[in-house]
Structure formats: structure tokens, C-alpha cells
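Reading the structure
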Amino acid sequence: MRVAILGMGSVGKGLLQVINQKDLGITVTAVADSKSALMDRDGISIEEVLEAKKIHGYCGDTSLSSVDVVTKAAYDVLVEVTPTNATTGEPALTHILQALTRGRHVVTSNKGPIAREFERLHRCAAKNGVMLRYEATVGGAIPVIHVLQQGLAGNRVRAIYGVLNGTCNFILSRMAAEGLSYEQALLEAREMGYAEADPTYDVKGIDPAIKLVILANTFWKKTVQLEDVDITGIDMITNDAIRLAEEEDCTIRLIAEANPERGILRVAPRLLPLSHPLVVEGTLNAITIETDLAGEITLIGKGAGSVETASAIIGDILFIRDFHAGSHKKAP
Ligand code: HSE
């Protein structure tokens, strides 16, 4: 598979490293960051690109841009991993639409456009006979979309709830375990590359709310928007609040919950017993799915991190390859 990668932040760099290290049958024919781009239909040198990014702060030719990559590069799958914008979904929304219209598959970790324009993007993919996969938008490395779309096909999903933001979980865990202040813990999360480019998306609960919207739109075929979610973040949680919770053998976790039967769509800090399955540590995410046939299933895994997110992206790329095995035509 030939892939073009837009975005060279934590996720883009992690993805390039993994593709370089593992023999996955994936060739990177183009990359772009916010200042430059590089294209080679025979495959770029990943090592050189990563080195250039480290030395200069950009990856390629400054006279080229992401739009050149989307519209001119030779690729089968566009991987869109630029920073997310929850309000407009741009510039990722335009990148994705252009690639789909050009008849190319798209894999993305970019939550903004998927949450904002779920139906429009899926219509565009269907019209052009290509796939749009977005496993990496929810739950980091946890293959929750695959589990729900394939593994639990035929089930009625009654409710989904859990920890959907690694940064908030990391902050709450560090505050509880080490007594770190909220600010110190947030700084650590940013340094480790877990937080969004704008970390207020994490701590104010916007990021898990976006993920909840994506899940709801995926599984209940709703046209839910971010504005429909009742959101409270963790930015007002103090060390005292956590200590008080611990006195009752409880702790605080930011829980996202969708339950259409009960009209619930919310993100809020919740007091949970320390023994509760959703009380996971660090950047782990935990997602409970209530279904009619399979009963209750809880998935736990790394919810943030560059290589972990790369795992979800690679899963999608290889899913597309296998789905189209034999019938897939290469781009000219
Ligand atoms: N900032 C996000 C998180 C990254 O902490 O969960 C993964 O979506």
C-alpha cells in the first residue's frame, strides 16, 4: 500500500517510525507538515524525513504544501493526522474530502472532521467507492470501532461509557498517586505528547465529548453534534477533592457516557469505587459496551501516545488492503 501522511506531530512521527521499523508492506510516498511537503512515487526515505524534521523543524520542500500532496501525490491511502479543530474540522476536512473525491481511501486520527461532518464524509466516501476509517479517533490503541463494527455486528448496543481521554486520566492518576498539582500533572502529560496541541480540549472535556459524538454517530446512526453533549472537564478538580474521595475508598475519573434509551450524552468527573473496572491508571482508556446479545464488554488499553495511535492507524490501513485484496487498483 502506498500512503501519504499529512501531519508530522507526535502521531505522524510515531507512524513513520513504526512503518520504518516493521515490514508491513506499506510505502510512504509523501509527507507534509504545516510548513512543507515531500513527494516521491517510489517512496521517500523515512529516516531522512525524520532527521530533517528534527534539525529544521519541517520535513521537506517549503514550496510544497499538504494540498499538493493530497491532489498530486501517488498514494492509495491518505493518512490525515494534522492537529484537530473541533469547531471547523479544518484543514483536515478539506484534505479528507479532496482525497475521497480523488478516489483515494482515507485513514485518520483527526477527530474534528469526523465528529463535525460524519454523514457528509461517509456519503462522499460511498459516492467515490472508497473507504474512510477512523479507528484512531477514539480510544487510542483500543480497536473499539473494529470491535463494534465487526466483532459485535448483529448486537444492539444499549450504552457505551468509560474513560475516553488519556491526558485527563493521566492527570487524575498522577494527582492521586504522587500528590502532584493539577498544573504539574498537565505539564507532564504535555511533555509526554499525550495532550492535544491545545490541551484545553483535554482538560475541559471537549476531546472525550468529540469521541463520544463519533461513537454515537457510528453505532446509533445519529447525527449528534458536539453541542448536544453535556460537558464538564477536570480543570476544577483539586488534590483535596481526590483526597476526600480516597477517604471513602473512591477516586475521581472523567467518564463519557452515551445511553440513547435514557437520553444521556455527557462527559463529567465521577466518583467511582477504587475497585471499579473503569478505574484505570495513567493514559489507559476503558470502554464498557452494553449489548443485547454479548452482554457487557469492557475494553482497556493505551488511550494516547504516538506509537499506540500508530497501531490503530496501521490496523485501518491493513484492513483496507485486506478488504480490497485482489480488486484494488493502484492510482496512476
Ligand atoms: N489527547 C488525547 C487523549 C489523545 O489524551 O486522550 C488521544 O486521542
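Residues numbered from 1 in each chain as written. Predicted model: local features only at pLDDT ≥ 70, side-chain atom pairs only at ≥ 80, totals over all residues. Heavy atoms only, no water.

It is worth spelling out unusual backbone geometry at this point. With an omega dihedral of 0°, the bond running from Glu 90 to Pro 91 counts as a cis peptide bond. With respect to the secondary-structure elements, Pro 91 resides in the loop between strand S4 (77–80) and helix H4 (92–101). (Helix = DSSP H or I, 4+ residues; strand = E, 2+ residues; numbered from the N terminus.)

Here we come to the site of the ligand. In the region of the ligand, the neighbouring residues are Lys 111, Asn 165, Gly 166, Thr 167, Tyr 194, Ala 195, Glu 196, Asp 202, Asp 207, Lys 211, Gly 303 and Ala 304. Here Glu 196 contributes a side-chain N or O atom positioned 2.6 Å from a nitrogen atom of the ligand. Of all elements in the fold, only helix H8 (166–178) and helix H11 (206–219) reach the threshold of two or more residues within the shell around the ligand. Residue classes in the shell around the ligand are distributed as 3 nonpolar, 4 polar and 5 charged. (Near = heavy atom within 4 Å. Polar contact = N/O pair within 3.5 Å; in protein donor to acceptor, adjacent residues only side chain to side chain. Nonpolar A, V, L, I, M, F, W, Y, C, P; charged D, E, K, R; others polar.)

Residues Val 144 and Ile 234 are the most contacted members of the largest nonpolar core, which totals 71 residues. With 8 residues, H11 is the largest single contributor of residues to this core. For this core, the two domains that each supply at least three residues are domain 1 (2–141 + 307–327) and domain 2 (154–302). Setting aside anything within four residues of it in sequence, one finds Ile 234 in contact with Cys 168, Ile 171, Leu 172, Tyr 182, Val 203 and Leu 254. Membership of the second largest hydrophobic core comes to 31 residues, among which are Leu 16, Val 81, Ile 313 and Ile 317. (Core = buried A, V, L, I, M, F, W, Y, C linked by side-chain atoms within 4.5 Å. Buried < 20%, exposed > 50% of the residue type's maximum accessible area, 1.4 Å probe, protein only. Domains from an automatic or database assignment. Contact = heavy atoms within 4.5 Å.)

Using the criterion set out here, one finds 20 salt bridges in the structure. Across the salt bridge formed by Glu 178 and Arg 174, the nearest N and O atoms sit 3.5 Å from each other. One end of the pair is Glu 178 and the other is Arg 174, both in helix H8 and 4 residues apart, which spans about a single turn. Accessibility expressed as a relative area gives 23% for Arg 174, which makes it partly exposed. Among the ionic pairs, Asp 207 bridges to Lys 211, the shortest N-O distance being 2.6 Å. Of this pair, Asp 207 and Lys 211 both sit in helix H11, separated by 4 residues, roughly a single helical turn. With respect to burial, Asp 207 and Lys 211 carry one shared label: buried. (Salt bridge = Lys/Arg side-chain N within 4 Å of Asp/Glu carboxyl O.)

On to the pairing of strand S9 (residues 250–259), then. Most of S9 is tucked away, with 10 of its 10 residues classed as buried. Where burial is concerned, the two faces of S9 agree: the one with Cys 250, Ile 252, Leu 254, Ala 256 and Ala 258 and the one with Thr 251, Arg 253, Ile 255, Glu 257 and Asn 259 are both buried. As judged from the 3 bridges shared by strand S7 (residues 157–163) and S9, these two strands associate in the antiparallel manner. Counterpart to Ile 160 in the pairing with S9 is Ala 258. Pairing geometry for S9 and strand S10 (residues 264–273), over 10 bridges, is antiparallel. Looking across to S10, one finds that Ala 256 is bridged to Val 267. Hairpin connection between S9 and S10: a loop of 4 residues separates the two successive antiparallel strands, and Gly 263 in this loop has a positive phi of roughly 65°. (Pairing = 2+ DSSP bridges.)

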